[in-house]
Amino acid sequence: MSTENVTPAAGIEIGATLTRELEVVTELTVGYAVAGMPFVFATPQMINHMEVVCAELIADALPPDWVSVGTRVEVEHLAATPVGMRVATTATVVEVGDRIVTFDVSASDGVDTIGRGRHCRGLVAMERFLAGMERKLAATR
């Protein structure tokens, strides 16, 4: 199927919002990854959760065989969250371009806003994405 005339962002609405929660477990902490550090929610894990929520928010609006991939992250990690607390991450669509969707993201542990910022996701046809990966792998053989 040709992707030339597909408008992948057509079904994505500005203002669409999704919130998902997770529990901070030991494996999601900086102390788990880096000896001597405290067992609090790690910045890369917070960012990962933000990306996952953004991707989930728009997944059903994409054409068949299209996916979104992270292209930009601008996030502040504002407060520490210990093991056992829950973090609610919210993504809101704030801009929709032809192939880029921009989100405001935030995370809260119920006491503090622990993170906030902006994330962009590129829209790509899976077939094209996989072909690009195959070309890259072929170049290394």
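Residues numbered from 1 in each chain as written. Predicted model: local features only at pLDDT ≥ 70, side-chain atom pairs only at ≥ 80, totals over all residues. Heavy atoms only, no water.

*Asks:* Just checking my understanding: could you explain the overall build of the protein for this structure?
*Replies:* Scanning the protein from N- to C-terminus turns up three helices and five strands. Put simply, the protein runs from its N terminus to its C terminus through helices and strands in the order β-α-α-β-β-β-β-α. Looking at the protein residue by residue over its 141 residues, the buried ones come to 32%. Surface summary for the protein: the accessible area is close to 8200 Å², and the carbon and sulfur share equals 53%. A gap of 7 Å separates the mean positions of the 11 positive and 18 negative side-chain charges of the protein. (Helix = DSSP H or I, 4+ residues; strand = E, 2+ residues; numbered from the N terminus. Buried < 20%, exposed > 50% of the residue type's maximum accessible area, 1.4 Å probe, protein only. Areas by Shrake-Rupley, 256 points an atom, 1.4 Å probe, with all protein chains shown as cover. Lys, Arg positive; Asp, Glu negative; His and termini not counted. Charge placed at Lys NZ, Arg CZ, Asp CG, Glu CD.)

*Asks:* Can you help me understand the pattern of salt bridges in this one?
*Replies:* When the charged atoms of two side chains lie near each other, side chains of opposite charge can form a pair. For the structure shown, the criterion picks out seven salt bridges. Residues Glu56 and Arg20 are paired through a salt bridge, measuring 2.6 Å at the closest nitrogen-oxygen approach. With Glu56 in helix H2 (residues 43-59) and Arg20 in strand S1 (residues 17-23), the pair connects residues that are 36 residues apart, well separated along the chain. In this structure Glu56 comes out as partly exposed when scored by relative accessible area, which is 37%. With a closest N to O distance of 2.4 Å, Glu74 and Arg72 form a salt bridge. Judged by its relative accessible area of 41%, Glu74 is partly exposed. Under the relative-accessibility criterion, Arg72 is labelled partly exposed at 48%. (Salt bridge = Lys/Arg side-chain N within 4 Å of Asp/Glu carboxyl O.)

*Asks:* Sorry if this is basic, but what is going on with the nonpolar core here?
*Replies:* Across soluble globular proteins, nonpolar side chains show a tendency to be buried alongside one another. Formed by 26 residues in total, the largest nonpolar core has its most connected members in Ile12, Phe41, Ile58, Phe103 and Leu123. Broken down by secondary-structure element, the contributors of at least two residues to this core are S1, H2, strand S3 (86-96), strand S4 (100-108) and strand S5 (113-125). By residue number, the principal contributor to this core is H2, which donates six residues. Beyond its immediate chain neighbours, meaning those up to four positions away, Ile12 contacts Ile58, Ala61, Leu62, Val93, Val96, Val101 and Leu123. (Core = buried A, V, L, I, M, F, W, Y, C linked by side-chain atoms within 4.5 Å. Contact = heavy atoms within 4.5 Å.)

*Asks:* Any chance you could explain the pairing of S4 here in plain terms?
*Replies:* Successive residues of a regular strand alternate their side chains across the two faces of the sheet. Two elements, S3 and S4, share eight bridges in a ladder whose sense is antiparallel. Within S4, the residue paired with Ala91 across the bridge is Val105. The antiparallel hairpin formed by S3 and S4 contains three residues in its connecting segment. In the sheet, S4 pairs with S5 via nine bridges, with the strands oriented antiparallel. Residue pairing in the sheet places Ser108 in a bridge with Thr113 of S5. Between the end of S4 and the start of S5, which pair antiparallel, lie four residues, with Gly110 showing a positive phi angle near 90°. (Pairing = 2+ DSSP bridges.)

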